[in-house]
Amino acid sequence: MSRTEQIKPAPLDVHASPRPLSGDIAVPGDKSISHRALMFAGLAQGTTRIVGLLEGEDVLRTADAMRALGADIRREGRDWVVDGRGIGSLDEPADVLDMGNSGTAARLLCGILASHDMTAVMTGDGSLRKRPMRRVTGPLAECGATFLTRSGDRLPLAVRGAAQARPISYRLPVASAQVKSALLLAGLNASGLTRIEEPVATRDHTENMLRHFGVPVDVTPLEGGGCAISVQGPARLAARDVIVPGDPSSAAFPIAAALLVPGSSILLRGVGLNPLRTGLLQTLREMGADLRLENERVEGGEPVGDLRVTAGTLTAVDVPPERAPSMIDEYPVLAVVCAAANGRSRLRGLAELRVKESDRLSATAALLEANGVSVTIEGDDLLVSGCGGPPPGGGSVATHMDHRLAMSAVVMGLAARQPVHVDDLGFVDTSFPGFVRLMNGLGAGIGA
Ligand code: S3P
């Protein structure tokens, strides 16, 4: 049994917020950047100090895996300090690597293992063991690695890494930063040029952080859109301190709650504003949301700012499919916001939601339906008929080991007329430890 499966289910009834939300908060560190910081620091030569690391279960799994590969990782005060092993000098893990609930940890780690001459076995919890791994194991085999997976290319898997890895050249068939990153990571220990074509831009934290650790990354626009990203291997990463910005995907939940609970006004400090992550903010603005950015700055190579959110009336939105990569994790909570808006929203091109921590497309539809909101799935689009104010609520939400569904259900409860029953809040700790405490600090009264 995976560690995350040992967490006891934590059901909860969430009532409408007893008062407007107000106050000033900082959300935890960015999950994508935190995974990468630990991995890259572990692959670097020298000592890296990480400020603001997300201490969520997902990221702690990455820390354990990098320790198993020989990196020394410890908490010093509020920072994390990593003594890296250097590319090509990793230890073969002595035991199975348990990646818990985290697809990012599992897939990026496959990239590291594929180009190292060792054998490793990887598993995850019940959610992760259902998720497709072929999207990484397929192209990674090109470097000379061999993967043995369960039927349907699922975890647990065993990988025999290449003794002398070849560089990979690959065009991404799905817009996935995880796949892009896995291939670039493999390329760091391959001889020659690894080149990935990305038809639609996805989050570029890997590219940014590789440069931060001194590895040149070339990005060339492609005719007809998209770009080609390449790295020359073997590469050497030089340890550099990392500052992790607040996670915009976590910020999405207090932002949504503040928009929906009448009279609310909150300030979120230090939210990451990487342009490949800000699709939700753009969409909410199109709905008429009052969002004001203050104090925009660059910290640790990533743009950040403070965001003032004020409640107000929202109108329906039509979100184009090409925006999906820049807000892929935000659709469940956006759907909750749409449920309270005026008019019918259409969120287009959501096929990838079917292979997240749960089938988020049908689970999001079920969340809304259970709470009296009319919703339809048409092909890969989600259509939500807004209630023009608080949704009825009163439903019971199955969260399917999915942290973002759980937090979306909490936002629904805070905004709805009748309490919402959430079957399990336990998985919230994978990405947003302290979520309930932080929301209650704003006045949400969850569990009171
Ligand atoms: C992530 C990329 C996204 C996202 C996930 C984190 C990353 O997945 O959903 O939560 O850190 O690269 P895909 O790249 O598979 O879309």
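This structure is a prediction, so every number in the text was calculated from the model and none was measured.

What follows concerns the pattern of salt bridges. Tallied over the full model, the rule gives 35 salt bridges. Put simply, D247 and R277 hold a salt bridge, and the shortest N to O gap is 3.0 Å. With a gap of 30 residues between them, D247 in the loop between strand 14 (242-243) and helix 7 (248-260) and R277 in the loop between strand 15 (265-272) and helix 8 (279-286) connect regions that are remote in the sequence. Two residues, R269 and D306, come together in a salt bridge whose shortest N-O distance is 3.7 Å. Within this pair, whereas R269 is found in strand 15, its partner D306 is found in strand 17 (residues 302-310), the two being separated by 37 residues in sequence. Look at D306 and you get buried, because its relative accessible area is 3%.

The next subject is the site of the ligand. The local shell around the ligand consists of K31, S32, R36, T104, A175, S176, A177, Q178, R203, I328, D329 and K356. R36 has a polar side-chain atom sitting 2.7 Å from an oxygen atom of the ligand. Within the contact set of the ligand, an oxygen atom lies 2.9 Å away from a backbone nitrogen or oxygen of Q178. Relative to its unbound accessible area of 380 Å², the ligand is 96% covered by the protein chains. Of all the secondary structure elements, the ones that give two or more residues to the shell around the ligand are helix 1 (31-43) and helix 5 (177-187). It is helix 1 that provides the largest number of residues to the shell around the ligand, a total of three residues. Residue composition of the shell around the ligand, grouped by class: three nonpolar, four polar and five charged.

Pairing within the open sheet is mixed, and its four strands lie in the order 18-19-21-20. Two strands lie at the open edges of the sheet, namely strand 18 (318-319) and strand 20 (375-378), each paired on one side alone. As paired elements, strand 20 and strand 21 (residues 381-385) share four bridges and run antiparallel to each other. Bridge assignment links I377 to a residue of strand 21, and that residue is L382.

What follows is about the pairing of strand 3 (residues 47-51). It is a general feature of regular strands that their side chains alternate between the two faces of the sheet. Judged by which residues are buried, strand 3 turns out to be one-sided: T48 and I50 face inward and are buried, whereas T47, R49 and V51, on the alternate face, are not. Direction of pairing for strand 3 relative to strand 5 (residues 79-83): antiparallel, over a ladder of four bridges. Considered in strand 5, the bridge of T48 is made with V82. Direction of pairing for strand 3 relative to strand 14: parallel, over a ladder of two bridges. Among the inter-strand pairings, I50 is bridged to a residue of strand 14, identified as V242.

All right, on to the packing of aromatic side chains then. As enumerated under the stated definition, the model contains three aromatic pairs in all. On the basis of an interplanar angle of 75° and a centroid distance of 6.2 Å, the ring pair of F40 and F213 is categorised as edge-to-face. Taken together, the residues span a long stretch of sequence, with F40 in helix 1 and F213 in the loop between helix 6 (205-212) and strand 12 (218-221) at a distance of 173 residues. Accessibility assignment for this pair places F40 and F213 in one class, buried. Pairing F253 with F435 gives two aromatic rings, centres 6.3 Å apart and planes at 80°, and the pair type is edge-to-face. Of this pair, F253 sits in helix 7 while F435 sits in helix 12 (residues 435-441); the two residues are 182 residues apart in sequence, bridging distant segments of the chain. Here F253 and F435 have matching classes, each one buried.

Definitions and limits used
- Residues numbered from 1 in each chain as written.
- Predicted model: local features only at pLDDT ≥ 70, side-chain atom pairs only at ≥ 80, totals over all residues.
- Heavy atoms only, no water.
- Salt bridge = Lys/Arg side-chain N within 4 Å of Asp/Glu carboxyl O.
- Helix = DSSP H or I, 4+ residues; strand = E, 2+ residues; numbered from the N terminus.
- Buried < 20%, exposed > 50% of the residue type's maximum accessible area, 1.4 Å probe, protein only.
- Near = heavy atom within 4 Å.
- Polar contact = N/O pair within 3.5 Å; in protein donor to acceptor, adjacent residues only side chain to side chain.
- Areas by Shrake-Rupley, 256 points an atom, 1.4 Å probe, with all protein chains shown as cover.
- Nonpolar A, V, L, I, M, F, W, Y, C, P; charged D, E, K, R; others polar.
- Pairing = 2+ DSSP bridges.
- Phe/Tyr/Trp six-rings, centres within 6.5 Å; stacked < 30°, edge-to-face > 60°.

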